[in-house]
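Structural features, examined
Each chain, written out:
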Amino acid sequence: MARLSGKIAIVTGAGGGIGSAIAHRFGVEGAHVWVTDINGETAEETVRSIKANGGAATAMTVDVSKSQDTTALLRNVESAHGYVDILVNNAGILVRGEIRQLSDADWTKLREVNLDAVVRLSRDVLPLFRKSKAPTIIIISSIMAYRGLRPLAAYTTTKGAISALTKGLAVEYAPFNVRVNSIAPGYVETGITDRLLKLPPVKKALIDKTPMGRLGTPEDMTGAAVFFASDDSLYCTGSELAVDGGMAAGL
Ligand code: NAD
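The structure displayed is predicted, hence computed values, not measured ones.

Rules used throughout
- For every chain, the first residue of its written sequence is number 1, and the numbers climb from 1 along that sequence.
- In keeping with the model being predicted, local features are shown solely for residues with a pLDDT of at least 70 and side-chain atom pairs are shown and tallied solely at 80 or more, while totals for entire chains, interfaces and linings include all residues.
- Side-chain numbers come from the whole structure's heavy atoms, not from hydrogens or water.
- Buried and open spaces are told apart on a 1 Å grid over the protein atoms alone, a cavity being a set of points where a 1.4 Å probe fits but cannot get out and a pocket being an open set with protein on both sides within 12 Å along at least five of seven lines. Residues with an atom within 4 Å of a point are the lining residues.
- Grid points are joined across faces, edges and corners, and a volume is the space filled by probe spheres set on the points.
- In this text, helices come from DSSP runs of H or I with a minimum length of four residues, and strands from runs of E with a minimum of two, each type numbered from the N-terminal end.
- Each residue is assigned to one class: nonpolar for Ala, Val, Leu, Ile, Met, Phe, Trp, Tyr, Cys and Pro, charged for Asp, Glu, Lys and Arg, and polar for all the others, Gly among them.
- Whether two strands pair comes down to DSSP finding at least two bridges between them.
- Note on definitions: angles span 0 to 180 degrees between N-to-C directions of axes, and those axes are lines fitted to C-alpha atoms, for helices only across the stretch in contact.
- The contact rule is simple, with two residues in contact once any of their heavy atoms fall within 4.5 Å.
- Here a Phe, Tyr or Trp ring, Trp counted by its six-membered ring, pairs with any other such ring whose centre lies within 6.5 Å, and the pair is stacked when the planes are under 30 degrees apart, edge-to-face when over 60, and tilted otherwise.
- Being near a molecule or strand, for a residue, comes down to having at least one heavy atom within 4 Å of it.
- Between N or O atoms, a polar contact is any pair within 3.5 Å; within protein, one atom must be a potential hydrogen donor and the other a potential acceptor, and residues adjacent in sequence are included only when both atoms are from side chains.
- For the area figures, the Shrake-Rupley method with a 1.4 Å probe applies, and any residue is considered shielded solely by the protein chains shown.
- Being in a pocket or cavity means that more than half of the molecule's atoms lie within 2 Å of its grid points.
- Note on exposure labels: buried denotes an accessible area under 20% of the residue type's maximum, exposed denotes more than 50%, and partly exposed covers the range between, all computed with a 1.4 Å probe on protein chains only.
- The term nonpolar core refers to a set of buried residues drawn from Ala, Val, Leu, Ile, Met, Phe, Trp, Tyr and Cys, joined through side-chain atoms within 4.5 Å.
- Working definition: roughly parallel below 35 degrees, roughly antiparallel above 145 degrees, roughly perpendicular at 65 to 115 degrees, and oblique for all remaining angles.

The space that makes up the largest pocket amounts to roughly 810 Å³. Taken together, 37 residues line the largest pocket, and the ones lying closest to its centre are Asn90, Gly92, Ile93, Thr190 and Ile192. With three residues, the top contributor of residues to the lining of the largest pocket is helix α1 (residues 17–28). For the lining of the largest pocket, a count of residues per class yields 18 nonpolar, 14 polar and five charged.

Now the structure itself:
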């Protein structure tokens, strides 16, 4: 039986990579998915393929770093359905470089997409959760949230912050019956890791560090997303689940 039957979901950054895979899976599981991305064309592509699989979905161009875009998204979802059940804060960017060389502009951009947008959407969605029976927020963090990884200190700082936000919001939103959990992917082959994984020695080193002996696929992330989105996790809040082939356990 479809596990998200009749639920309304928003997935940010769902034009590609992990977000697109989660949106697809939600469609298969019976949700109506709002597929949002800064790139409207890729969002449309995801919607086309969800529909081709018999699912229901709506595409919208949303730059999560712009409050006018996220406000418009929530307004559109409210006028279409009156409420929402699931918010997946997935959109994220990577800025490579040592902190010593980090420009204010790069740090601001990284913070606006990876952290500020997650705080704003998680705050502004609350009124739309009122009519949902089991409202839930899923945050896509990283197993690198609490580790030193050169030259990614700025990126991992934003991930550490949203992992902490998961716990803080879980406590704050529990009285409203809203669950907040996060998924911490290991290394997944997507647009973000494309450049890095094109270097064969780097790819081999990362595979060697993964106890299960392979990198993740976007589809590998979808089981955890369905679990946190579905009523199977009704007593689960403030949890972070590593989906990493055992990498964090072995580090
Ligand atoms: P990706 O680059 O393939 O996908 C990210 C998507 O977000 C793209 O479709 C992009 O257009 C969209 N996006 C970028 N900026 C946006 C903005 N301002 N507003 C809306 N959409 C925007 O990368 P991915 O690996 O699928 O990343 C998804 C999430 O997973 C990110 O939060 C990332 O930090 C996290 N993550 C990825 C890995 C990995 O190894 N790939 C590991 C840990 C965590």
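The structure having been displayed, the exposition proceeds.
Our focus in this paragraph is the sheet that holds strand β7 (residues 240–243). In spatial order, the strands read β3-β2-β1-β4-β5-β6-β7; together these seven strands make up an open sheet with parallel pairing. Edge strands, defined here as strands with exactly one partner in the open sheet, are β3 (56–61) and β7. Taken pair by pair, the neighbouring strands of this sheet meet at an average axis angle of 20°, ignoring direction. Direction of pairing for strand β6 (residues 179–185) relative to β7: parallel, over a ladder of four bridges. The partner of Ile183 across the bridge, within β7, is Leu241. Sitting on the sheet, helix α2 (residues 40–52) touches β2 (32–37) and β3, and the angle it makes with β3 is about 175°.

With the rule as written, the count across this model stands at two aromatic pairs. Between Tyr173 and Phe176 the ring centres are 6.3 Å apart and the planes differ by 90°, which places this aromatic pair in the edge-to-face class.

Right, let's talk about the site of the ligand for a bit. The ligand sits among 28 residues. The nearest are Asp37, Asn90, Tyr155, Val188 and Thr190. In this structure, Gly186 approaches the ligand through a main-chain N or O atom, which is 3.3 Å from an oxygen atom. Between the ligand and the protein, one listed contact pairs an oxygen atom with a backbone N or O atom of Gly191 at 3.1 Å. Against a free-state accessible area of 830 Å², the protein chains account for coverage of 90% of the ligand. The cavity that encloses the ligand is the largest pocket. Contributions of two or more residues to the shell around the ligand are made by α1 and α6 (153–173). Of the residues contributing to the shell around the ligand, the split by class is 13 nonpolar, twelve polar and three charged.

Here we take up the pairing of β2. Put simply, side chains in a regular strand alternate between the two faces of the sheet. Of all six residues making up β2, six are buried, and the element is well covered by its neighbours. Going residue by residue along β2, you find His32, Trp34 and Thr36 tucked away on one face and Val33, Val35 and Asp37 tucked away on the opposite face as well. Sheet topology places strand β1 (residues 8–11) next to β2; four bridges connect them, and they run parallel. Following the sheet pairing, Val11 is matched in β2 by Val35.

Among the nonpolar cores identified, the biggest contains 30 residues, and Ile10, Val77, Val84, Ile137 and Val180 are the most heavily contacted of them. Mapped by element, the contributors of at least two residues to this core are β1, α3 (67–81), α4 (104–124), α5 (126–129), β5 (136–140) and α6. In this view, Val77 contacts Ile8, Ile10, Trp34, Gly82, Tyr83, Val84 and Leu128; residues no more than four positions away in its chain are not counted. Ala31, Val33, Met221 and Phe228 belong to the second largest nonpolar core, which has 29 residues in total.

On to the side chain of Arg179, then. When you line up the elements, Arg179 lands in strand β6. A distance of 2.9 Å separates a polar atom in the side chain of Arg179 from the backbone oxygen of Phe228.

Across the interface, α4 lies against α6 with an axial gap of 10 Å and an inter-helix angle of 10°. As the angle between them shows, α4 and α6 are arranged roughly parallel. Only Ala154, Tyr155, Thr157, Thr158, Lys159, Ala161, Ile162, Leu165, Leu169 and Tyr173 of α6 make contact with α4, whose side of the interface consists of Trp107, Leu110, Arg111, Asn114, Leu115, Val118, Val119, Ser122 and Arg123. The class makeup of the residues in the contact of α4 with α6 is twelve nonpolar, four polar and three charged.

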